[in-house]
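Close look at the chain arrangement
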Amino acid sequence: MVSTETEQNPGAKPGPAAADTGDLAGLEAGLDALETRHTGRPPLSQTLVQKVLPPATAIVLVLVVWQLLVWAKVTDSYKLPAPSSVWSEVEDSWTRGTLLGFIWTSVSRGLLGFLLALVIGTPLGLLVARVKFVRAAIGPILSGLQSLPSVAWVPPAVIWLGLNDSMMYAVILLGAVPSIANGLVSGIDQVPPLFLRAGRTLGATGLRGTWHIVMPAALPGYLAGLKQGWAFSWRSLMAAEIIAQSPDLGMGLGQLLEAGRTNSSMSQVFLAILLILIVGIAIDLLIFSPLERWVLRSRGLLVKN
Amino acid sequence: MATTIAKAADGVDARDYAARITHVSKSFDAPGGRNTVLDDITLDVAPGEFVTLLGASGCGKSTLLNLVAGLDLPTAGTISTQGRPALMFQEHALFPWLTAGKNIELALKLRGVPKAGRRQAAEELLELVRLAGAHGKRVHELSGGMRQRVALARALAQDSRLLLMDEPFAALDAITRDVLHDELTRIWRETQVSVLFVTHNVREAVRLAQRVVLLSSRPGRVAREWTVDIAQPRRIEDAAVAELSVEITEQLRGEIRRHGQH
């Protein structure tokens, strides 16, 4: 936005022909240049200091306190293993080649279940948001389901479907679909009416309006719903894996945790809990946070003055 | 009781108006009875004409514009327009998930312009509002005046014969507004589009219009009309503009004063 002929004195006495186009173009280019804000991404070093250093410090602090508690012998060593013995559990599992297997069993289940929930939850959310009757009929139930702990679905799912993968997916769906649908509903409810009016005058009505205006406008709320949907998927899956034990189900992180309990191996329990936590955080950091930030940044919603 | 949209046969329309508003009334149900917002409005906008609708708060000028835009239906009377009118709001109403250029291309797409021609057409419209090179800019990267110019380009992308403007410059600073007045006059003369422009700013009304229509308030009725015979390009500080503005302001104040005399 660099202009070559700005600073034409706007106070100069305008004759009748003063609105002549060249003059106006220069004036306008000057105004545009004066009023345009430039925004860019912060440098990498700043990102490191502001975003990476604080959580790293927190983790180190937790490890230090943990080790101090072990040294102080606040409780029996089988109740509180040292960080080093949890670490050797990691190394063991790694050298035996089972570590990635545990993780993959759970992660592949979780992601597939989440994708299924996405496919079901999205049209469901659209229906609830756009059709008054559907909203009145199932809207409250849908929000209510969010507060029902999905572990409650494990016993009925086992009875209905048996101890197999479909039972796991059923529990994931019951946990994640309401979050995704509700996220979309609240995203659509928060679309400014002005966008809908503008869309209608441009001819975006009905399905075209939904596709071109409503869905993109609701995207931030929808993404928040997806993020929560993933958290619920993961939680539901872990609940199902801890409760349902069967050779057919393989060894996921939940089963690893439960096996650690039956073996009275606290370091294995700690290992499982850590892995469950790390996977949950990693999926969020690698997929959802970048997606959310990209959407917000491109709409100018992350710009700080 | 209906809003009819005249279909142009082969792009030729023999109508002698861009919008015809005939005995239009609009009322809403309100606590304590019906609330009449517009009462028996009759008004024509000729092809290529620039008309400003002027009035104080509560005169229903935005309601009338919504009726002409087809966003709402009149309680009585008929409104007929040449095709679907384009509408510009006080807020730019650009979609923040699209770039400036893509906003215009969406309007083209919804109008049925084939994909191949859209980019080129959008660039040309941006050039018309002197924003060549802004195609890839995000809405939040543009200044208020630039946003309204993109909104104008998007409205023009509808290729409507009638452009409705609902106080489009009210939220801008005085310098930018002044420049946009010049721009709008230039573009109106270049495109020969008909404009129905709503404002509560008397000088703005006189600066821009060929005809100023004053609405009374509660209910809105056509109180008086002025034909503005001042040659374009005008400036808002021209003596002739000021003179007519004084006259219209007197009348407007009279209309407002009546409401305090109950």
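Residues numbered from 1 in each chain as written. Chains lettered and ligands numbered in written order. Predicted model: local features only at pLDDT ≥ 70, side-chain atom pairs only at ≥ 80, totals over all residues.

**Some points on the UniProt feature "transmembrane region" (unreviewed entry) in chain A**
All names here are of chain A. With numbering matched to this structure, UniProt assigns "transmembrane region" (unreviewed entry) to residues 52-72, 110-129, 141-161, 167-188 and 269-291. Each end of residues 167-188 is marked by a C-alpha atom, and these two atoms are 32 Å apart; helix forms 100% of the span and strand 0%. Span residues 269-291 is 100% helix and 0% strand, its end C-alpha atoms 33 Å apart. (UniProt positions renumbered as here; feature names shortened; annotations may be inferred. Helix = DSSP H or I, 4+ residues; strand = E, 2+ residues; numbered from the N terminus.)

**Regarding the domain arrangement of chain A**
Accessible area lost on assembly of the parts is the figure often given for the size of an interface. What the domain assignment lists for chain A is domain 1 (1-35), domain 2 (44-74) and domain 3 (82-298). A C-alpha centroid distance of 28 Å is found between domain 2 of chain A and domain 3 of chain A. (Domains from an automatic or database assignment.)

**Regarding the interface of chain A and chain B**
At the interface, 30 residues of chain A touch 31 residues of chain B. Contributions of two or more residues to the side of chain A that touches chain B are made by α1 (21-35), α8 (193-202) and α9 (206-243) of chain A. Among the elements that make up the side of chain A that touches chain B, the one with the highest residue count is α1(A) (eight residues). Taken together, the residues that form the side of chain A that touches chain B break down as 14 nonpolar, eight polar and eight charged. (Contact = placed C-beta atoms within 7 Å. Nonpolar A, V, L, I, M, F, W, Y, C, P; charged D, E, K, R; others polar.)

**Observations regarding helix α7 (residues 165-189) of chain A**
Residue and element names in this part refer to chain A. With 25 residues, α7 extends 36 Å between its outermost C-alpha atoms, agreeing within 8% with the 36 Å of an ideal straight helix rising 1.5 Å per residue. Most pronounced at alanine 176, the bend in α7 amounts to some 30°, and the proline proline 178 follows within four residues. Taken across its 25 residues, α7 has 21 buried, putting it largely inside the fold. (Expected span 1.5 Å × (residues − 1). Bend = angle between axes of the 7 residues up to and from the residue. Buried ≥ 20, exposed ≤ 12 C-beta atoms within 10 Å, placed from the backbone.)

**Thoughts on the sheet that holds strand β4 (residues 50-54) of chain B**
All names here are of chain B. One open sheet holds the six strands; their spatial order is β6-β7-β8-β4-β9-β10, and the pairing between them is mixed. The open sheet has two free edges, formed respectively by β6 (86-88) and β10 (222-227), since each of these has just one partner strand. With direction set aside, neighbouring strand axes in the sheet form an average angle of 15°. Bridge count for β6 against strand β7 (residues 162-166) is three bridges, and the pairing is parallel. Each bridged residue has a counterpart across the sheet, and for leucine 87 the counterpart in β7 is leucine 164. The strands touched by helix α4 (residues 144-156) within the sheet are β6 and β7, with β6 carrying the most contacts at an inclination of about 170°. (Pairing = 2+ DSSP bridges. Axes fitted to C-alpha atoms, helices over the stretch in contact; angles between N-to-C directions.)

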